[in-house]
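Working through the structure, step by step
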Amino acid sequence: MTSEGTARRRLTHALRREQLLTAALGEFGRRGFHLTQMEHVATAADVSKALLYQHFDSKEELFAEVTSMVVGEVSERMNVAVRAAEGSLDRVRAIVRVLFEYATLEPEAWALIVRHLDKPEVGMELRELRDRLGESFTDLLMINRRADPAMTPSALAATERRVRLMVPLVYGSLLSLVSWWLEHPDTPRDRAESMAVEFIWLGLDRLRTGERLSPRI
């Protein structure tokens, strides 16, 4: 028996599963869900397809495990960063910084996110990440309004409805900017992060307070 075969047998179930998930993340990130086959993952992990099926019954199950892992990692990093921030502006900076950092350190996971975030037929688990981003930005944009004693319940509800309409613009633009920056490494990261924070904080603050363009005549 080869030393490689011996090494394979010595892996614990948990380590083998981790190895397979890492290989699957790379394949799903590069190819996308529909073009990735179990054979691709097995080859990337240097195992047989039969062994892969011992751990995951289907490609759908494997993808769900991978996306759950990605969502858990991003969510935990965001939670830690936001808890350490002081004030709404610093929380926006923290969220922006986490996403840029995650895309830098985990490019394959980032590719998986941007490929599948708005495809619920394959990325149900990623909807959790989208929902968390949405709730985080909603809370940041609403925190002062919710604390304002002069706001009536009806006015507060109307403001929140307006904010929730704006939030997809926030995280959609942010994800697009991060992806653009990865393709343009000559742009300093701190400059890209600052632009994202200014767009979110300055631009949306004007919308949040009710400012609108004059209707066209």
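As a reminder, the structure under discussion sits directly above these lines.
Now for a description of the structure that goes with this document. Position numbers for residues start from 1 in each chain and track the written sequence from start to end. Residues qualify for local features only when their pLDDT is at least 70, as the model is predicted, and side-chain atom pairs are given and counted only at 80 or more; totals for whole chains, interfaces and linings, by contrast, use all residues. Hydrogens are left out, water is left out, and the side-chain values use all remaining heavy atoms of the structure.

A side-chain nitrogen of Lys or Arg and a carboxyl oxygen of Asp or Glu constitute a salt bridge if their distance falls within 4 Å. Scanning the entire structure with this criterion turns up 11 salt bridges. The salt bridge involving Glu193 is made with Arg189; its shortest N-O contact spans 2.6 Å. A residue pair is termed a helical-turn pair when its members lie 3 or 4 positions apart in one helix, as Glu193 and Arg189 do in helix H10 (residues 189-208) at 4 residues. For Arg189, a relative accessible area of 27% translates into the label partly exposed. A single salt-bridge network, built from bridges that share partners, covers Glu135, Asp139, Arg146, Glu160 and Arg164. Strands are runs of DSSP state E lasting at least two residues, helices are runs of H or I lasting at least four, and both sets are numbered from the N terminus onward. Relative accessible area decides the class of each residue, using a 1.4 Å probe on protein chains only: under 20% of the type maximum gives buried, over 50% gives exposed, and in between gives partly exposed.

It is worth spelling out the nonpolar core at this point. Remark: nonpolar core denotes a set of buried residues (Ala, Val, Leu, Ile, Met, Phe, Trp, Tyr, Cys) joined through side-chain atoms within 4.5 Å. One finds Leu62, Phe137 and Leu174 to be the most contacted residues of the largest nonpolar core, which totals 58 residues. Within the residue set of this core, elements represented by two or more residues are helix H2 (13-31), helix H3 (38-45), helix H5 (59-84), helix H6 (88-105), helix H7 (107-116), helix H8 (124-146), helix H9 (153-183) and H10. In this description, contact between two residues means that some pair of their heavy atoms is separated by no more than 4.5 Å. Residue contacts for Phe137: discarding those within four places in its chain leaves Ile95, Val167, Val170, Tyr171, Leu174 and Ile200.

Between N-to-C directions, angles cover 0 to 180 degrees, with each direction set by a line fitted to C-alpha atoms, over the stretch in contact for helices. Across the interface, H5 lies against H6 with an axial gap of 9 Å and an inter-helix angle of 145 degrees. Considering only the axes of H5 and H6, their crossing is right-handed. Here Val70, Glu73, Val74, Arg77, Met78, Ala81 and Val82 of H5 come into contact with H6, specifically with Arg91, Ala94, Ile95, Val98, Leu99, Glu101, Tyr102 and Leu105. Each residue gets one of three labels, nonpolar for Ala, Val, Leu, Ile, Met, Phe, Trp, Tyr, Cys and Pro, charged for Asp, Glu, Lys and Arg, and polar for the others, Gly among them. Classifying every residue of the contact of H5 with H6 by side-chain character gives 11 nonpolar, no polar and 4 charged. Take the far helix as your reference; a near helix turned counterclockwise from it by less than a right angle gives a left-handed crossing, and one turned clockwise gives a right-handed crossing.

Moving on, we come to H5. The span one expects for a helix is its residue count, reduced by one, times 1.5 Å. Under the 1.5 Å per step criterion, the end-to-end length of H5 is 38 Å for 26 residues, consistent within 8% with the ideal 38 Å. Buried within H5 we find Lys59, Leu62, Phe63, Val66, Thr67, Val70, Val71, Val74, Ser75, Met78 and Ala81. Lining the buried residues of H5 we find H2, H3, helix H4 (49-55), H6, H7 and H8.

Attention now goes to the side chain of Ser75. Note on placement: Ser75 falls in helix H5. Beyond its immediate chain neighbours, meaning those up to four positions away, Ser75 contacts Leu129 and Arg132.

Time to look at empty space enclosed by the protein. Site definitions follow a grid-based scheme: protein atoms alone, a 1 Å grid, a 1.4 Å probe that fits but cannot get out for cavities, and for pockets an open set with protein on both sides within 12 Å along at least five of seven lines, plus lining residues having an atom within 4 Å of a point. Grid points are joined across faces, edges and corners, and a volume is the space filled by probe spheres set on the points. Tallied over the full model, the rule gives 1 cavity of 30 Å³ or more. Approximately 40 Å³ is the volume attributed to the largest cavity. Every residue lining the largest cavity is listed: Val74, Leu99, Tyr102, Trp110, Ile113, Leu117, Leu129, Leu133 and Leu175. Going through the elements one at a time, H6, H7 and H8 are the ones with two or more residues in the lining of the largest cavity. Partitioning the lining of the largest cavity into residue classes produces 9 nonpolar, no polar and no charged.

A pair of aromatic rings is counted whenever rings of Phe, Tyr or Trp (Trp by its six-membered ring) have centres within 6.5 Å, and the orientation is called stacked for planes under 30 degrees apart, edge-to-face for over 60 and tilted otherwise. Applying the stated criterion across every chain, the model contains 4 aromatic pairs. Consider the rings of Phe28 and Phe33, whose centres lie 6.2 Å apart with planes at 15 degrees: the pair is stacked. Look at Phe28 and you get buried, because its relative accessible area is 0%. The interplanar angle of 85 degrees and the centroid separation of 4.9 Å between the aromatic rings of Phe28 and Phe63 together place this pair among those described as edge-to-face. Here Phe63 lies in helix H5 and Phe28 lies in helix H2, a separation of 35 residues in the sequence. Across the pair, Phe63 and Phe28 agree in class, each one buried. What links up through ring pairs into an aromatic cluster is the set Phe28, Phe33 and Phe63. Sitting over a ring, as applied to charges here, requires NZ of Lys or CZ of Arg to be within 6 Å of the ring centre and within 35 degrees of the ring normal. Over the ring of Phe33 we find Lys59, and its NZ or CZ is 4.3 Å from the ring centre.

Note that every value here comes from positions in space, so none of it alone points to a role or purpose.
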